[in-house]
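# Architecture and fold: a report
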Amino acid sequence: MDTAHIADAFDPTLVLLTVEEAARRLRIGRTVCYRLISSGELESITVGHLRRVPADAVPEFVTRRRKSQRPAAPIALATAA
(Lines give C-alpha, C1' and ligand atoms only; values in the text may rest on other atoms or scores of the structure.)
Protein backbone atom coordinates (compact mmCIF):
# COMPACT_ATOMS: atom_id res chain seq x y z
CA MET A 1 0.00 0.00 0.00
CA ASP A 2 1.32 3.45 -0.87
CA THR A 3 1.67 5.28 2.45
CA ALA A 4 2.26 8.62 0.72
CA HIS A 5 -1.31 8.55 -0.63
CA ILE A 6 -2.69 7.59 2.78
CA ALA A 7 -0.80 10.45 4.45
CA ASP A 8 -2.04 12.94 1.83
CA ALA A 9 -5.64 11.83 2.33
CA PHE A 10 -5.57 12.91 5.96
CA ASP A 11 -2.99 15.71 5.98
CA PRO A 12 -4.72 18.60 7.80
CA THR A 13 -2.24 21.11 6.37
CA LEU A 14 -3.40 20.65 2.77
CA VAL A 15 -5.41 23.61 1.54
CA LEU A 16 -6.27 22.25 -1.90
CA LEU A 17 -6.95 18.63 -2.75
CA THR A 18 -6.81 16.84 -6.06
CA VAL A 19 -10.13 15.41 -7.19
CA GLU A 20 -8.78 11.96 -6.32
CA GLU A 21 -7.86 13.07 -2.77
CA ALA A 22 -11.29 14.62 -2.28
CA ALA A 23 -12.91 11.42 -3.55
CA ARG A 24 -10.85 9.35 -1.10
CA ARG A 25 -11.90 11.59 1.78
CA LEU A 26 -15.54 11.16 0.79
CA ARG A 27 -15.06 7.43 0.14
CA ILE A 28 -16.52 7.77 -3.36
CA GLY A 29 -15.14 7.12 -6.81
CA ARG A 30 -13.31 9.70 -8.88
CA THR A 31 -16.06 9.75 -11.51
CA VAL A 32 -18.75 10.44 -8.91
CA CYS A 33 -16.58 13.22 -7.48
CA TYR A 34 -16.26 14.81 -10.93
CA ARG A 35 -20.07 14.61 -11.29
CA LEU A 36 -20.52 16.41 -7.95
CA ILE A 37 -18.09 19.10 -9.13
CA SER A 38 -19.85 19.43 -12.51
CA SER A 39 -23.23 19.80 -10.82
CA GLY A 40 -21.89 22.45 -8.43
CA GLU A 41 -22.57 20.32 -5.36
CA LEU A 42 -18.86 20.12 -4.52
CA GLU A 43 -16.84 23.32 -4.82
CA SER A 44 -13.71 23.30 -6.95
CA ILE A 45 -11.33 25.80 -8.47
CA THR A 46 -8.80 25.75 -11.26
CA VAL A 47 -5.14 26.48 -10.71
CA GLY A 48 -3.68 26.89 -14.15
CA HIS A 49 -4.98 23.82 -15.96
CA LEU A 50 -5.47 21.83 -12.75
CA ARG A 51 -8.78 21.18 -11.00
CA ARG A 52 -8.53 21.38 -7.20
CA VAL A 53 -11.06 21.01 -4.38
CA PRO A 54 -10.60 23.30 -1.36
CA ALA A 55 -10.05 21.07 1.68
CA ASP A 56 -12.84 22.82 3.61
CA ALA A 57 -15.30 22.17 0.75
CA VAL A 58 -15.38 18.46 1.62
CA PRO A 59 -16.85 18.80 5.16
CA GLU A 60 -19.12 21.62 3.93
CA PHE A 61 -20.51 19.28 1.27
CA VAL A 62 -21.15 16.58 3.88
CA THR A 63 -22.86 19.09 6.20
CA ARG A 64 -25.16 20.30 3.41
CA ARG A 65 -25.99 16.72 2.44
CA ARG A 66 -26.76 15.78 6.05
CA LYS A 67 -29.08 18.77 6.45
CA SER A 68 -30.91 18.01 3.21
CA GLN A 69 -31.48 14.36 4.11
CA ARG A 70 -34.83 13.54 5.60
CA PRO A 71 -34.36 12.54 9.23
CA ALA A 72 -34.82 8.87 9.90
CA ALA A 73 -37.83 7.80 11.89
CA PRO A 74 -36.93 7.15 15.51
CA ILE A 75 -36.68 3.53 16.45
CA ALA A 76 -39.16 2.55 19.13
CA LEU A 77 -37.44 0.76 21.96
CA ALA A 78 -39.29 -2.10 23.56
CA THR A 79 -39.82 -1.56 27.25
CA ALA A 80 -39.97 -4.43 29.68
CA ALA A 81 -43.28 -4.49 31.51
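Residues numbered from 1 in each chain as written. Predicted model: local features only at pLDDT ≥ 70, side-chain atom pairs only at ≥ 80, totals over all residues. Heavy atoms only, no water.

This paragraph deals with a nonpolar patch on the surface. Taken together, the side chains of V15, L16, I45, V47 and L50 present a nonpolar region at the surface, about 390 Å² in accessible area. Considering the arrangement of structural elements, one finds V47 in strand β2 (residues 45–47). Judged by relative accessible area, V47 falls into the partly exposed class, the value being 40%. (Patch = residues over 30% accessible without salt bridge, like charges linked within 9 Å, V, L, I, M, F, W, Y side chains within 5 Å. Areas by Shrake-Rupley, 256 points an atom, 1.4 Å probe, with all protein chains shown as cover. Salt bridge = Lys/Arg side-chain N within 4 Å of Asp/Glu carboxyl O. Helix = DSSP H or I, 4+ residues; strand = E, 2+ residues; numbered from the N terminus. Buried < 20%, exposed > 50% of the residue type's maximum accessible area, 1.4 Å probe, protein only.)

Time to look at the environment of V19. Mapped onto the secondary structure, V19 falls in helix α2 (residues 19–26). In this structure V19 comes out as buried when scored by relative accessible area, which is 1%. If we skip the residues at most four places from it in the chain, V19 touches R30, C33, Y34, I37 and R51. (Contact = heavy atoms within 4.5 Å.)

Function cannot be read off these values alone, since they describe shape.
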